[in-house]
Amino acid sequence: MEALGFHYHSIDGIYWDESRCYRFTEAEIDAIEDATAALHDCALKAAAHVVEHGRMDEFAIPRAWQPLVRESWQAHERGAPPAFSLFGRMDLVVDGVLPPRLLEYNADTPTACLEASVAQWDWLQAVGPLLVDDADQFNSIHEKLIGAWERLLAAHRARDAQRPARLHFAAVADSAEDWGNVGYLLDTAVQAGWKTFSLPIERIGLAQTEAGLRFVDEFNVPIELLFKLYPWEWLVREDFAEALAQAVSDGTLRVIEPPWKMLLANKAILPVLWELFPGHPNLLPAYFAPEPLGPRYVRKPKLAREGANVTLVDGDFTQSSDGAYGAEGFVYQALAPLPRFGGDHVVVGSWLVDGVPAGMGLREDDSPITRNTSRFVPHYFTSVLST
């Protein structure tokens, strides 16, 4: 795993856990892939609805940024490169009985990409022949990432062949997990032909250049295209947010993921989805208040990460996780307990690259609330499930 760049395989004890694996049939994988595609289509329609009907206040998006989110979404609808979206991860409850159902959409800064991509694929190459003759894996993440970067590079060259194809990557300085993901994504961009740079987001600066005020890296190189593993809801509240808004608006800085992803990454999208697609087999009922759900529901902050500040309510029983989120408000989703195998709760993270389903990874925890300390467990599938 370390040879693959997966250096954080044992954070908080056991993170990568190959003491077990999950086995699926081809039909079960098809159901997850189809559900992921259908849910992404619904999410895009929900984003269009929010923009069209002026509902961004419900998402706690600052008023100053709402025009930029709208412009970014409209650019996405036109297929304009500045609104390019690389990837996202949907967390699904998959119990083998009901259709896969959406818990949330990590559409801005999803992690566990390295694990789901090359790490578990390497595991399959090593142990697959020992499992069954036809062991395969729902996993084309690596190839699709390179393909997405190649398409973005082609669009860049078509717009301005003389302009350097420069791509900066940034994350917080002290997160080994974030840098493991960033390093992997940077490598896929290099394979696609990009010239890349990386730096902690804390070292991005503002400088007066011949072309005006620009965001620059630590060597004063202008940053024109930035992949940031840093949430938009944090960026828009930073001291430099006004300058960032101006740079995004005038096109001197393009950001991946684009501003319109603030809509899908916000859990306020869950009640909007249920409002627009009530009864959808891949959705759970969700509202901005708990009353329609009765005594069984999950309360989630609109803006939160890694399972923080989640409360499960099942009649008189409640279970909560701590954290510092919730100031922007909460949403309420029908309780759909994660399936349990061997005493562990498991959630399926289904990946999309450039809007297309690309693979999945599974996280286990002895708690029903999946957290950043939950273990990653590999999977495979066969054409027919046998004993």
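Visitor: What's the story with the overall build of the protein in this structure? I'm lost.
Guide: Tallying secondary structure elements over the protein gives 9 helices and 19 strands in all. Its C-alpha atoms give the protein a radius of gyration of 21 Å, near enough to 21 Å, the size a compact globule of 387 residues would have. The principal-axis extent of the C-alpha atoms belonging to the protein is close to 65 × 50 × 35 Å. Counting all 387 residues of the protein, 56% fall into the buried class. Within the protein, contacts between residues at least 6 apart in sequence are counted, and of these 68% link residues at least 24 apart. Carbon and sulfur atoms make up 51% of the accessible area of the protein, which amounts to about 16600 Å² in all. Separation of charge centres in the protein, based on 32 positive and 54 negative side chains, amounts to 5 Å.

Visitor: Help me out: how do you make sense of the sheet that holds strand β12 (residues 311-314) in this one?
Guide: Strand pairing in a sheet is mediated by backbone hydrogen bonds. Such pairs are either parallel or antiparallel. Spatially, 5 strands are ordered β10-β14-β11-β12-β13 in an open sheet, and the strand pairing comes out antiparallel. Bordering the open sheet on either side are β10 (286-287) and β13 (317-320), each of which pairs with just one other strand. The pairing of strand β11 (residues 296-301) with β12 spans 4 bridges and is classified as antiparallel. The partner of Tyr 297 across the bridge, within β12, is Val 313.

Visitor: Would you mind showing me how to read the sheet that holds strand β8 (residues 225-229) here?
Guide: The strand order β5-β4-β8-β9 describes an open sheet built from 4 strands, whose pairing is parallel. A single partner strand is all that each edge strand has here, and the edge strands are β5 (195-200) and β9 (254-256). Going across the sheet, the axis of each strand differs from the next one's by a mean of 25°, ignoring polarity. Here strand β4 (residues 166-171) runs beside β5; their pairing, made up of 6 bridges, is parallel. Counted as the bridge partner of Leu 167 is Thr 196 from β5. Each of β4, β8 and β9 touches helix α4 (residues 141-159); the most contacted strand, β9, lies at about 170° to it.

Visitor: Explain the pairing of β4 here, please?
Guide: Two faces, one strand: in a regular strand the side chains alternate between the faces of the sheet. For β4, a buried count of 6 out of 6 residues is recorded, marking the element as mostly surrounded by other parts of the structure. Alternating positions in β4 separate into two faces, Arg 166, His 168 and Ala 170 on one and Leu 167, Phe 169 and Ala 171 on the other, with burial throughout. As for the winding sense of the linkage, the β-α-β connection from β4 through helix α5 (residues 176-191) to β5 is right-handed. Where β4 lies against β8, 4 bridges are found, and the strand directions are parallel. By the bridge assignment for β8, Ala 171 is matched with Leu 229.

Visitor: Teacher, can you tell me more about a negative patch on the surface here?
Guide: Together, Glu 26, Asp 30, Asp 34, Asp 133, Asp 134 and Asp 136 make up a negatively charged patch on the protein surface. With respect to the helices, strands and loops of the structure, Glu 26 is situated in helix α1 (residues 26-52). Residue Glu 26 is classed as partly exposed on the basis of its relative accessible area, which comes to 38%.

Visitor: What am I meant to see in the side chain of His 9 here?
Guide: For His 9, the position within the fold is in the segment before β1 (22-25). With near-sequence residues (within four places) excluded, His 9 lies in contact with Met 1, Glu 2, Tyr 15 and Trp 16.

Visitor: Help me understand unusual backbone geometry, please; the structure alone is not making it clear to me.
Guide: For residues that are not glycine, phi is negative in most cases, and the peptide bond is trans in most cases. Looking along the chain, the bond that leaves Ile 256 and enters Glu 257 is cis, with omega of 5°. With phi around 60°, Ala 60 is a residue other than glycine that occupies positive phi space. Along the polypeptide, Ala 60 turns up in the loop between α1 and α2 (66-78). For Glu 306, which is not glycine, the phi torsion reads 55° and is therefore positive. Considering the arrangement of structural elements, one finds Glu 306 in the loop between β11 and β12.

Quick notes on the rules
- Residues numbered from 1 in each chain as written.
- Predicted model: local features only at pLDDT ≥ 70, side-chain atom pairs only at ≥ 80, totals over all residues.
- Heavy atoms only, no water.
- Helix = DSSP H or I, 4+ residues; strand = E, 2+ residues; numbered from the N terminus.
- Rg over C-alpha atoms; globule rule 2.2 N^0.38 Å.
- Buried < 20%, exposed > 50% of the residue type's maximum accessible area, 1.4 Å probe, protein only.
- Contact = heavy atoms within 4.5 Å.
- Areas by Shrake-Rupley, 256 points an atom, 1.4 Å probe, with all protein chains shown as cover.
- Lys, Arg positive; Asp, Glu negative; His and termini not counted.
- Charge placed at Lys NZ, Arg CZ, Asp CG, Glu CD.
- Pairing = 2+ DSSP bridges.
- Axes fitted to C-alpha atoms, helices over the stretch in contact; angles between N-to-C directions.
- Right-handed = clockwise from strand over helix to strand, strands pointing away.
- Patch = residues over 30% accessible without salt bridge, like charges linked within 9 Å, V, L, I, M, F, W, Y side chains within 5 Å.
- Salt bridge = Lys/Arg side-chain N within 4 Å of Asp/Glu carboxyl O.

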